[in-house]
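Architecture and fold: a report
Each chain, written out:
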Amino acid sequence: MNIEHLLADAIHESLRALYGQDADDKQIQLQRTKREFEGHLTLVVFPLLRLSRKKPAETAQEIGTYLQEHTELVEKFNAVNGFLNLTVAPAKWVELLDSIHANPRYGFTAPAADAPLVMIEYSSPNTNKPLHLGHVRNNLLGWSLAQILEANGNRVVKTNIVNDRGIHICKSMLAWLKYGNGETPETSGKKGDHLIGDYYVAFDQHYRAQVKDLAAQFEAQGMDAEAAKARAEKEAPLMQEAHEMLVKWEQGDPQVRALWRRMNEWVYAGFDETYQALGVSFDKIYYESDTYLEGRKQVLEGLEKGLFYRKADGSVWADLTKEGLDEKLLLRADGTSVYMTQDIGTAKMRFQDFPIDKMIYVVGNEQNYHFQVLSILLDRLGFEWGKSLVHFSYGMVELPNGKMKSREGTVVDADDLIAEMVSQARRTADEAGKFDDMDEAEKDKVARIVGMGALKYFLLKVDARKNMLFNPEESIDFNGNTGPFIQYTYARIRSVLRKAADAGIQLPATLPADVEISTKEEEIIQHVAEFAAVVRQAGQDYSPSAVASYCYDLVKEYNQFYHDFSILREADEKKKLFRLVLSANVAKVVRLGMSLLGIEMPERM
RNA sequence: GGUUCCGUAGCUCAGUUGGAUUAGAGCAACGCCCUUCUAAGGCGUGGGUCCAGGGUUCGAAUCCCUGCGGAAUCACCA
């Protein structure tokens, strides 16, 4: 049962009765009534004037009168210009709350066996450095999208493509061989991904020193500064060695491969820890080292079919000028793969493994062009979902002085940030005396849930498309429009429910129909009921932020109203039960909503 | 230069399938509320040329055009 649908049906009926014709569903615009007017739902009658051929106020009056006289739904109405404000009968709100209460997963649609299969690719790290704040946004968005699509009845496969080969890994390997003393995560006590990241930085430092020296030599020989630098960057011995190592890797050199495997394992162990802390996981992981050859094969097949062409130097290209784009390189003259080639190969392997109906790539907006091209290429190569692939493009996380730059040491490390959030949550709770009656295990758990809740909500409440700002100085708040505020309200409701249970009060399956409820309470029911529509809409728009906004608004509205009430001391038994059921359903819907964001809810905090 | 995205309060952000004199939250500032289910809370005050200018119409922060400002991208990097 949904009041808006019932009302929309009744309005259709009234239009037929009054004007002898009906309107499209789209012309029935029902919205929540503005605060300053009386009523729950408002019908905008402007689109209906074509049918009535009367003035807005008159039309509104006629429809309102009809609804009041012919349905049980509408108790009263008022018409302001072209706006028909409808007040729904109180009994209907109680019925609505009952039906929501009966469904523990209200708003969620269970996936059918033949539901569309959606694959979501997210995370996709390089294996040469640890995860940073940008990756955190990616991971949380990817995970949340998967939850949202599942809640909308899709079958979802979460996947990760690990960029485990290429020149960047070789740089770390080389630096480890040249400048390291054979240290491992075990001997150094460092997390594997951080250890490898340190050597990547070491490579860069030594490389830059070499480039500087070389460029100075070239300049002394009379080259201009820019040309000298460009030549130095290419000819620096370290870079040459790295390239040699990459060639050896491609040739399958046993020593290089063994070191590569060993170091990647360190990195994966490190990533797994971070993923676990973030609460994300994958159903299927692909490695670029497995897919890049397949990509090459696909491109060569496409070349034979005449989809692509070869230049004189042997390189292979796609001509995209018909689509308004440029030419795109697919294979280098030496036959090796580029980024695009690998993505084609990965797509092929995925298609072999799963009968995918829809593919969603969660990748930063810096790669918008890449995915535009990928979509066209996959379509040309005959992938059914190629044309309709979704690039879920999200904005950068910026710092007060601009982008994160590893060279300037301004990268916000994911592990550091997580640790900081959890310990901050712990400190705040301790100071507020929240932890006084908890044992160590519970303190740890609550601090983790609240700290991560703050971080996740902070990153997910913002429209994914937009660049967002993170200020490390001010860090992340625990007050106001935050995860902890929502968690806190939830914990308070749970506390009330526990006390009610202790007092022997059981929540009834159905409420007495004659319970008296206030307008404000009707509004809260209405708000709770909107959850289903919010989940549906979020599924269509791929919008975690919409779910976050909803949870906050609902919790805030609930708080404002029930702040001064003492539900358990309410003398009227019917009212008490009603308020308990309403509170329980606010808590339920908020918990479901936050679960779509990957945010856990504490029973106490 | 081409393409795409963004521009809302001092700061961070909602609000855009066009809707109702007063465009909403939070933070920051100032004031009030803990003998009543948890003060990570509630109430109040101040704070806006919705980048600018045109256009479309009953009606524009929302749609269209132009300009200004910012970001990304246009690599034989991944």
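Summary of the structure given here. What you see as residue numbers is a count from 1 along each chain, following the sequence as written. Both sets of labels track the order of writing: A upward for chains, 1 upward for ligands. Under the rules for a predicted model, residues below a pLDDT of 70 receive no local features and side-chain atom pairs below 80 are neither given nor counted, while totals for whole chains, interfaces and linings still include all residues. Think of the side-chain values as coming from all heavy atoms in the structure, minus any hydrogens and water.

Quick look at helix H18 (residues 519-529)
Note on classification: 1.4 Å probe, protein chains only; a residue is buried when its accessible area is under 20% of the maximum for its type, exposed when over 50%, partly exposed between these limits. Only DSSP runs of H or I with at least four residues qualify as helices, and only runs of E with at least two residues qualify as strands; both kinds are numbered from the N terminus onward. With nine of 11 residues buried, H18 is to be regarded as a mostly interior element. Of all the positions in H18, only Glu521, Glu522, Glu523, Ile524, Ile525, Gln526, His527, Val528 and Ala529 are classed as buried. Here the buried face of H18 lies against strand S1 (29-32), strand S2 (41-44), helix H4 (90-101), helix H19 (531-541), helix H20 (544-562) and helix H21 (573-595). Residues are treated as being in contact if the distance between any of their heavy atoms lies within 4.5 Å.

With respect to the protein's contact with RNA strand B
Around RNA strand B there are 65 residues in total, and Asp313, Lys434, Asp463, Tyr488 and Phe565 lie nearest to it. Throughout, near means a residue has at least one heavy atom within 4 Å of the molecule or strand. The sugar-phosphate backbone supplies 62% of the atoms of RNA strand B found within 4 Å of the protein. Here a polar contact is recorded for every N or O atom pair within 3.5 Å, except that within protein the pair must consist of a potential hydrogen donor and a potential acceptor, and residues adjacent in sequence are included only if both atoms are side-chain atoms. Between RNA strand B and the protein, one listed contact pairs a base nitrogen with a side-chain N or O atom of Asp313 at 2.5 Å. Within the backbone of Asn481, one N or O atom sits 3.5 Å away from a sugar or linking oxygen of RNA strand B. Mapped onto the surface near RNA strand B, the elements with two or more residues apiece are S2, strand S4 (83-88), helix H13 (339-353), helix H15 (414-431), strand S14 (468-469), helix H17 (483-502) and H20. If you tally residues by element for the surface near RNA strand B, the top one is H17, at seven residues. For this classification, the nonpolar set comprises Ala, Val, Leu, Ile, Met, Phe, Trp, Tyr, Cys and Pro, the charged set comprises Asp, Glu, Lys and Arg, and every other residue, Gly included, is treated as polar. Within the surface near RNA strand B, the residues separate by chemical class into 26 nonpolar, 21 polar and 18 charged.

Things to note about unusual backbone geometry
Positive phi, close to 55°, is recorded for Arg53, a residue that is not glycine. Residue placement: Arg53 occurs in the loop between helix H2 (49-52) and helix H3 (56-70). Phi is positive for Ser475, which is not a glycine, with a value near 55°. Relative to the helices and strands, Ser475 is located in the loop between S14 and H17.

A short note on the packing of aromatic side chains
Pairs were defined over the aromatic rings of Phe, Tyr and Trp, the Trp ring being its six-membered one, requiring ring centres within 6.5 Å. Orientation was assigned from the angle between planes: stacked under 30 degrees, edge-to-face over 60, tilted for the rest. Considering all chains together, one arrives at 21 aromatic pairs under this definition. Look at Trp249 and Tyr292: their rings are 5.8 Å apart centre to centre, the planes differ by 45°, and that puts the pair in the tilted class. One end of the pair, Trp249, is in helix H10 (residues 237-251); the other, Tyr292, is in helix H12 (residues 288-304), and 43 residues separate them in sequence. The two residues Trp249 and Tyr292 agree in class, both being buried. A centroid spacing of 5.9 Å and a plane angle of 85° characterise the contact between Phe351 and Phe383, whose relative ring orientation is edge-to-face. With a gap of 32 residues between them, Phe351 in helix H13 and Phe383 in the loop between helix H14 (368-380) and strand S12 (390-394) connect regions that are remote in the sequence. In this structure Phe351 comes out as partly exposed when scored by relative accessible area, which is 33%. In this structure Phe383 comes out as buried when scored by relative accessible area, which is 5%. Three or more aromatic residues link up through ring pairs in this structure, and these residues are Tyr122, Phe271, Tyr275 and Phe282. Lysine NZ or arginine CZ positioned within 6 Å of the ring centre and within 35 degrees of the ring normal marks a charge as sitting over the ring. Here Arg165 stacks its cationic end above the ring of Tyr292, 4.2 Å away from the centre of that ring.

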